[in-house]
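Okay, here's what each chain looks like letter by letter:
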Amino acid sequence: MRKRSHRLRAVAAVAVAAVLGLAGCDASGGGAPSSRPSPKPVWNRSPDSIAAVGDSITRGFDACTVLSDCPQVSWATGTDTGVDSLAVRLLGPAGATERSWNYAVTGARMADLAGQIAQAVRHRPELVTVMVGANDACRSSTSAMTPVGDFREQFEDAMAVLRRSLPKAQVYVSSVPNLMRLWSEGRTSALGKQVWKLGICPSMLGDADALDAASTRRRAAVQSRVEAYNQVLKEVCAKDRRCRFDGNAVFDYRFGPAQLSPWDWFHPSTNGQARLAEIAYRTVTAKDPVT
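1. Observations regarding the packing of aromatic side chains
Okay, so step 1: Scanning the model with the defined rule gives three aromatic pairs in all.
Okay, so step 2: Pairing Trp75 with Tyr172 gives two aromatic rings, centres 5.9 Å apart and planes at 65°, and the pair type is edge-to-face. You can see Trp75 sitting in the loop between strand E1 (50-54) and helix H2 (86-98) and its partner Tyr172 sitting in strand E4 (residues 170-173), a full 97 residues away along the chain.
Okay, so step 3: Judged by its relative accessible area of 1%, Tyr172 falls in the buried class.

2. Examining the layout of surface pockets
Okay, so step 1: Considered as a void within the structure, the largest pocket measures approximately 330 Å³ in volume.
Okay, so step 2: If you trace the largest pocket, you find 22 residues lining it, with Ser56, Asn135, Ile200, Phe266 and His267 closest to the centre.
Okay, so step 3: For the lining of the largest pocket, the secondary structure elements donating two or more residues are helix H4 (134-137) and helix H6 (179-186).
Okay, so step 4: The residue makeup of the lining of the largest pocket, split by class, is 14 nonpolar, six polar and two charged.
Okay, so step 5: Roughly 270 Å³ of volume is contained in the second largest pocket.

3. Points about the state of the cysteines
Okay, so step 1: What the rule picks out here adds up to three disulfides.
Okay, so step 2: The disulfide partner of Cys64 is Cys70, and the S-S distance across this bridge is 1.9 Å. Taking the sign of the S-S torsion, about -70° here, the bridge from Cys64 to Cys70 comes out left-handed.
Okay, so step 3: Here Cys138 engages in a disulfide with Cys201; their sulfurs sit 2.0 Å apart.

4. Digging into a negative patch on the surface
Okay, so step 1: A cluster of acidic residues, Asp150, Glu153, Glu156 and Asp157, forms a negative patch at the surface.
Okay, so step 2: Here Glu153 is to be found in helix H5 (residues 148-165).

5. Concerning the packing of H2 against helix H11 (residues 270-285)
Okay, so step 1: Contact geometry for H2 and H11: axes closest at 7 Å, N-to-C directions at 65°. Contact residues: Leu86, Arg89 and Leu90 in H2; Ala274, Ala277, Glu278, Ala280, Tyr281, Val284 and Thr285 in H11.
Okay, so step 2: Tallied by class, the residues present in the contact of H2 with H11 amount to seven nonpolar, one polar and two charged.

6. Description of unusual backbone geometry
Okay, so step 1: Although it is not a glycine, Asn248 sits at a positive phi angle of roughly 70°.
Okay, so step 2: Structurally, Asn248 is set in the loop between strand E5 (243-245) and helix H10 (249-252).
Okay, so step 3: The class for Asn248 is partly exposed, based on a relative accessible area of 26%.

7. Some points on the environment of Val250
Okay, so step 1: Among the secondary structure elements, Val250 is positioned in helix H10.
Okay, so step 2: Take Val250: its relative accessible area is 1%, and that puts it in the buried class.
Okay, so step 3: Taking C-alpha positions, Val250 is 9.0 Å from Ala280, a pair spaced 30 residues apart along the chain.

Calculation criteria
- Residues numbered from 1 in each chain as written.
- Predicted model: local features only at pLDDT ≥ 70, side-chain atom pairs only at ≥ 80, totals over all residues.
- Heavy atoms only, no water.
- Phe/Tyr/Trp six-rings, centres within 6.5 Å; stacked < 30°, edge-to-face > 60°.
- Helix = DSSP H or I, 4+ residues; strand = E, 2+ residues; numbered from the N terminus.
- Buried < 20%, exposed > 50% of the residue type's maximum accessible area, 1.4 Å probe, protein only.
- 1 Å grid on protein atoms, 1.4 Å probe; cavity = no way out; pocket = protein on both sides within 12 Å on 5 of 7 lines; lining within 4 Å.
- Points joined across faces, edges and corners; volume = space filled by probe spheres on them.
- Nonpolar A, V, L, I, M, F, W, Y, C, P; charged D, E, K, R; others polar.
- Disulfide = S-S within 2.5 Å.
- Patch = residues over 30% accessible without salt bridge, like charges linked within 9 Å, V, L, I, M, F, W, Y side chains within 5 Å.
- Areas by Shrake-Rupley, 256 points an atom, 1.4 Å probe, with all protein chains shown as cover.
- Salt bridge = Lys/Arg side-chain N within 4 Å of Asp/Glu carboxyl O.
- Lys, Arg positive; Asp, Glu negative; His and termini not counted.
- Charge placed at Lys NZ, Arg CZ, Asp CG, Glu CD.
- Axes fitted to C-alpha atoms, helices over the stretch in contact; angles between N-to-C directions.
- Contact = heavy atoms within 4.5 Å.

By themselves, these figures tell us nothing about what the structure is for.
Shown next as structure tokens:
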């Protein structure tokens, strides 16, 4: 009896071990290799085509000649070797010429973004770059600035236009630059202040040398609105798994004389455009999005 009992216990132990082994394989996926392919990452760090939308900065305004667009030095799609644009970095010089498109318009506001995107989607770009919002704050007065609620609704509408046509396109969203810093840097240039009088961002740059209480409050109101716009850009982008905001990198960048137009001391120079390209490339190719 003792020997048979030992044999029965041994058989039972082997059976239990076999069952546990099978269960372990099921739980850990350690059985036969799966034939299913690994899922592709949501964010493609090497998109094959780019469309840019936005305002004068993306058009290279005042970077080459006074009061003129210069798209060849655009941070997003330019071909100038001194800028090394996002398109050149991602696609190469030939690819940037053949597979990047610039639909930004000098003077554009957030309300214009949906129309620009509607044009851009015809090319079915894999990446869309967005830099807009400065003109919503740069108005004739602080009361004329785009309300934050309208800004949000217009951005959401523009993203909806994109998603209806290109549900899998990636979006890089730049923060609005720090307009207060641009004022503080540019006011040291006599030429720049003369150009400002032609109507460049009067809500911030008007009466550039005035430091009275009213002027200080006016500039602070513009700065506060820019910060609110950037929060909107961040929040709306965060709701879209194929959208990356720059984490306020452009807003935080400390533009100096070398990065500002020698004509208006407000828009980026060729050097400034190159710095914007660096920020965009770093954000687009990062393994993880900025949080």
